[in-house]
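Descriptive analysis of the structure
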Number of protein chains: 2
Amino acid sequence: MTEPLRVALAGLGTVGAGVIRLIDTNGALIARRAGRPIEVIAVSARDRSKDRGIDMNRFAWVDDPTELARQAGADVVVELIGGSDGPALALARATLGAGKSFVTANKAMIAHHGLELARAAEGANLALKFEAAVAGGVPVIKGLREGAAANEISRVYGILNGTCNFILSKMEAEGRDFADILSEAQRLGFAEADPSFDIDGVDAAHKLSILASLAFGTRPAFDDVTITGIRHVIAADIAEAASLGYRVRLLGIADAGAGGLFQRVHPHLVPESHPLAHVTGSTNAVVAEGNFVGRLLFQGAGAGDGPTASAVVADLIDIARGEFGPPYAMPADALAAQPASDSGERRGRAYVRFTVADRVGVLAEIAAAMRDAGVSIESLMQRGANPDGSVLVAIVTHEGPERAVAHALEKLRGSSSLTGEPMWMHILG
Amino acid sequence: MTEPLRVALAGLGTVGAGVIRLIDTNGALIARRAGRPIEVIAVSARDRSKDRGIDMNRFAWVDDPTELARQAGADVVVELIGGSDGPALALARATLGAGKSFVTANKAMIAHHGLELARAAEGANLALKFEAAVAGGVPVIKGLREGAAANEISRVYGILNGTCNFILSKMEAEGRDFADILSEAQRLGFAEADPSFDIDGVDAAHKLSILASLAFGTRPAFDDVTITGIRHVIAADIAEAASLGYRVRLLGIADAGAGGLFQRVHPHLVPESHPLAHVTGSTNAVVAEGNFVGRLLFQGAGAGDGPTASAVVADLIDIARGEFGPPYAMPADALAAQPASDSGERRGRAYVRFTVADRVGVLAEIAAAMRDAGVSIESLMQRGANPDGSVLVAIVTHEGPERAVAHALEKLRGSSSLTGEPMWMHILG
């Protein structure tokens, strides 16, 4: 048998342990498929004594993860420490600098430093791979880099955060409110103790910026993603959406045109006829629209140790086979720097929900603001008083410029008729 | 710029013309992504004078497609002639024999001769690629060969024939019968003049046998696929299924276990909670279940010139990048010969619909046959007389061995109570 591909692994949390368990379990099959065995030879983690349910004494133990970059005999370093900078980034730089390939599940680091790392990898003919960084086990990086490579991609979008989708689809199924479901998700381990990266959309934005770069051949531009999370979605929004034939989903969505690169994470109304409307629980799903292939959908488990380990080891198999090239499909220096587009220029349909005082004239005030801003209303629902006496008004607009809706909301800002912030969601078209 | 990848193309039907149009349209982008241009240099087709809306004078014209294998300067031959044997197979053998790589969309040829061709390609370090042979533009060959490569796959299944799914989902939406929709589909060009390869399940079986080989590391075994098409599905079956919370879909489904390799194409009842229930029209979708990744879904356009051309050119890009290896993920000689499993040993739930005479005792006869065969009935619906006086009886069984259902149907064979063949569909579990 050919020489094994030898791996040094940094980070032994659930994903790191999952990678070892996967290679232990499927090793023989992997060797057949990869043409050579994949073998972990060294590991590094904060706590050596922790019981991970796996015999770790087989591996060389290194206290400082950065030292794995110089681990004798290792061909590849796998980084599962996390964090956009710090030890993860130090390890990435050291590994590529030392002439070893690098695999990571670290979306934050790739979103922020992917371009620099890709340059380093390409310059040294090494692999830099990050399939696990987006949509967990779903091979969507590969799907864009290779599967859809013949296409000009007009748009890429999807459900990129499993925690948010778990919460939204549970709110939908049970009619309960956000805070309530969030605490349950935290109790069950589906949401972090500090859930803000997930529910405020930052995690989805990291992933979106990686997808956009692959899809459009543009430089990664995380800072240009506009981000709104799901904190302010209420049960009534989901009920209104359902009554209109929509499901509420947190979507990351990107396109690139003459106006520049558009990247947004925002709650959307998704028509029931769209496959993303049927994605429930912590599943992730990504759609890419190509000028020849049409609409491609990739769907599966977006997180968890098994799916993430599956993606990490898929990257290792590509490396073992020698089937890899520029991480962003084209050389990093060929990626185009594109300015962020102006979202006000975008056209679409919108859902806007107001929480208003239960008194005469409120509806007239909202309707006038919409009219004055040039927003054409397709439907308007007013629902009876909440326990606190406030009333919900939900509007669906005809297709029109986003600028007009923003304008109308600007006019209404500070109005004493509103008892809370309006909720604006885009309707996926 | 590096040397182009030079392509000789056999077959200028809609897909062949689509490949040329794609390279014409997206050529600059493809060159950036592939690291070098992809250039068609020679073509062959039956009718040279036919207007394909594309300038063909740029290309060397070859009357005998087999001669493309010896085309000076060509690195790759793309075969879009079709047919499991004949000129397509002769060209494949000649191409690999002449030291050129080979790309095809020909599912019938790969299902029958894939192993032989893979051996020839591997022996000469050439690429043999057939992404377009399964699910059109959807990169599911790549998804199994690479994306899910770290997993033991327990089951692969999906909607593999767009014509059948178009017909079934239209029957579902409009309550019309099979023959009626089929003629409409033929008129619209969604079904062939001779539709039997599609509607009798042979096309899906070709694709299934390719997927099974990739998923399980087993030798392609098309002859072991058991095949039932959709000809005998009636509108009432779809209505009954809907009333029970199911959609009728033609599924190809394969698994590999101790009992051998199981491969079947058959109409199924798919629960509404399953993503395949929401795949309508001519869309294809494939699910692979892995021991670490869980359930992966790949979905998109299963046919048409644009999507098929997209898959063909994706294969060419892989070749241009030098990112290819054994076509079946592992060397052809490492694929295991596995016997076909005995479907009688399988367990599952079933839907069985009888068309019966409207007279006393018929229900008792059916119920007795089920009881005597040991089939446990979960629900039974009898619906009023058809225009011809016959009555429908639809049964859903509890989970049990398929052998028992087969036994019950055997007992009822030839009974004067039945006015037509019973329809047996499996329920996807």
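These numbers come from a predicted model, not from an experiment.

1. Re the overall build of chain A
Scanning chain A from terminus to terminus reveals 12 helices and 17 strands. Taking 429 residues into account, the globule formula puts the C-alpha radius of gyration at 22 Å, and chain A, at 24 Å, falls close to it. Along the longest, intermediate and shortest principal axes, the C-alpha atoms of chain A span 80 × 45 × 35 Å. Within the span of chain A, comprising 429 residues, buried residues form 60% of the whole. Intrachain contacts of chain A at a sequence separation of at least 6 include 73% that bridge at least 24 residues. Counting only carbon and sulfur atoms, one obtains 50% of the accessible surface of chain A, whose full area is about 15,500 Å². Here chain A carries 40 positive and 50 negative side-chain charges, and the mean point of each set is 3 Å from the other.

2. Describing the sheet that holds strand S1 (residues 5-10) of chain A
What holds strands together in a sheet is hydrogen bonding between their backbones, with the strands either parallel or antiparallel. Residue and element names in this part refer to chain A. Taken in spatial order, the six strands make up an open sheet running S3-S2-S1-S4-S5-S6, and their pairing is parallel. Each having just a single partner strand, strand S3 (60-61) and strand S6 (128-129) make up the two edges of the open sheet. Direction of pairing for strand S2 (residues 38-44) relative to S3: parallel, over a ladder of two bridges. Along S3, the bridge assignment pairs alanine 42 with alanine 60.

3. Considerations on the domain arrangement of chain A
When the parts come together, some accessible area is lost, and that loss is often what is quoted as the size of the interface. Residues and elements named next belong to chain A. Looking at chain A, the domain boundaries give domain 1 (5-136 + 308-334), domain 2 (140-300) and domain 3 (343-427). Between domain 2 and domain 3, the contact holds 17 residues from the first and 17 residues from the second. It is Glu240, Arg264 and Leu269 in domain 2 that bury the most area against domain 3; as a group they hold 35% of the surface buried on that side. Run the count over domain 2 and domain 3 and you get four salt bridges. The shortest N-O distance in the salt bridge between glutamate 402 and arginine 264 comes to 2.7 Å.

4. Focus on the environment of A:Ile20
Note that A:Ile20 resides in helix H1 (residues 14-34). Residues within four places of A:Ile20 in sequence aside, it is in contact with A:Leu9, A:Leu12, A:Val43, A:Ile54, A:Met56, A:Arg58 and A:Phe59.

5. Brief notes about the interface of chain B and chain A
Each side of the interface is counted separately: chain B has 54 residues, and chain A has 54 residues. Carbon and sulfur atoms supply 53% of the area that chain B and chain A bury against each other, a total of about 4,200 Å² over both sides. Counting the surface chain B buries against chain A, the share from its top three residues, B:Arg32, B:Arg33 and B:Phe292, is 18%. On the surface where chain B and chain A come into contact, there are 29 residue pairs in polar contact (both at pLDDT 80 or more). Those elements that provide at least two residues to the side of chain B that touches chain A are helix H1 (14-34), helix H4 (140-147), helix H8 (202-216), strand S12 (294-301) and helix H10 (305-321) of chain B. It is H1(B) that contributes the most residues to the side of chain B that touches chain A, nine residues altogether. A class-by-class count of the residues in the side of chain B that touches chain A yields 29 nonpolar, 14 polar and 11 charged. The pairing of strand S12 (residues 294-301) of chain A with S12(B) spans three bridges and is classified as antiparallel. Bridged to A:Phe298 within S12(B) is B:Phe298.

6. Quick look at the pattern of salt bridges
Pairing is possible between side chains of opposite charge, provided their charged atoms come close. What the rule picks out here adds up to 66 salt bridges over all chains. A salt bridge links A:Glu410 to A:Arg413, with the nearest nitrogen and oxygen atoms 3.4 Å apart. Here the residues in one salt-bridge network are A:Lys129, A:Lys142, A:Arg145, A:Glu146, A:Asp318, A:Glu323, B:Lys129, B:Lys142, B:Arg145, B:Glu146, B:Asp318 and B:Glu323, joined through shared partners.

7. Looking at the UniProt feature "domain: ACT" (unreviewed entry) in chain A
UniProt's entry tags residues 351-425 of chain A with the feature "domain: ACT" (unreviewed entry), counted in the numbering of this structure. What you have in residues 351-425 of chain A is 31% helix and 33% strand, and the ends, taken at the C-alpha atoms, are 5 Å apart.

8. With respect to helix H3 (residues 107-123) of chain A
Residue and element names in this part refer to chain A. Compared with an ideal rise of 1.5 Å per residue, which puts 17 residues at 24 Å, H3 spans 22 Å between its outermost C-alpha atoms and is within 8% of the ideal. The opening residue of H3 is asparagine 106, an N-cap whose side-chain oxygen sits 3.3 Å from the backbone nitrogen of alanine 108. Backbone geometry just downstream of H3 places asparagine 125 in the positive-phi region, at approximately 60 degrees.

9. Focus: a nonpolar patch on the surface
All names here are of chain A. A cluster of nonpolar residues, Leu363, Ile377 and Leu380, forms a patch on the protein surface that exposes about 200 Å² of accessible area. Along the polypeptide, leucine 380 turns up in strand S14 (residues 377-383). Residue leucine 380 is classed as partly exposed on the basis of its relative accessible area of 36%.

10. Topic: the packing of aromatic side chains
By the definition in use, this model includes three aromatic pairs over all chains. Consider the rings of A:Phe298 and B:Phe298, whose centres lie 6.2 Å apart with planes at 85 degrees: the pair is edge-to-face. Pair noted here: A:Phe298 is in strand S12 and B:Phe298 is in strand S12, and the two residues belong to different chains. Comparing A:Phe298 with B:Phe298, the two get one shared label, buried. The interplanar angle of 45 degrees and the centroid separation of 5.6 Å between the aromatic rings of B:Phe130 and B:Tyr328 together place this pair among those described as tilted. Taken together, the residues span a long stretch of sequence, with B:Phe130 in the loop between strand S6 (128-129) and H4 and B:Tyr328 in the loop between H10 and strand S13 (347-356) at a distance of 198 residues. A relative accessible area of 2% places B:Phe130 in the buried class. Judged by relative accessible area, which is 1%, B:Tyr328 ranks as buried. We note A:Arg346 situated over the ring of A:Phe262; from NZ or CZ to the ring centre the distance is 3.3 Å.

11. Comments concerning the packing of helix H2 (residues 86-97) of chain A against H3(A)
All names here are of chain A. Close contact between H2 and H3 brings their axes to 10 Å; oriented N to C, the two are set at 10 degrees. Classified by the angle between their axes, H2 and H3 sit roughly parallel to one another. Facing H2, whose interface residues are Ala88, Leu89, Ala92, Arg93 and Leu96, H3 presents Met109, His113, Glu116, Leu117, Ala120 and Ala121. Looking at the contact of H2 with H3 residue by residue, the class counts come to eight nonpolar, one polar and two charged.

Thresholds, definitions, all that
Residues numbered from 1 in each chain as written. Chains lettered and ligands numbered in written order. Predicted model: local features only at pLDDT ≥ 70, side-chain atom pairs only at ≥ 80, totals over all residues. Heavy atoms only, no water. Helix = DSSP H or I, 4+ residues; strand = E, 2+ residues; numbered from the N terminus. Rg over C-alpha atoms; globule rule 2.2 N^0.38 Å. Buried < 20%, exposed > 50% of the residue type's maximum accessible area, 1.4 Å probe, protein only. Contact = heavy atoms within 4.5 Å. Areas by Shrake-Rupley, 256 points an atom, 1.4 Å probe, with all protein chains shown as cover. Lys, Arg positive; Asp, Glu negative; His and termini not counted. Charge placed at Lys NZ, Arg CZ, Asp CG, Glu CD. Pairing = 2+ DSSP bridges. Domains from an automatic or database assignment. Buried area = accessible area lost by both parts, 1.4 Å probe. Salt bridge = Lys/Arg side-chain N within 4 Å of Asp/Glu carboxyl O. Polar contact = N/O pair within 3.5 Å; in protein donor to acceptor, adjacent residues only side chain to side chain. Nonpolar A, V, L, I, M, F, W, Y, C, P; charged D, E, K, R; others polar. UniProt positions renumbered as here; feature names shortened; annotations may be inferred. Expected span 1.5 Å × (residues − 1). Patch = residues over 30% accessible without salt bridge, like charges linked within 9 Å, V, L, I, M, F, W, Y side chains within 5 Å. Phe/Tyr/Trp six-rings, centres within 6.5 Å; stacked < 30°, edge-to-face > 60°. Lys NZ or Arg CZ within 6 Å of the ring centre and 35° of its normal. Axes fitted to C-alpha atoms, helices over the stretch in contact; angles between N-to-C directions. Parallel < 35°, antiparallel > 145°, perpendicular 65-115°, else oblique.

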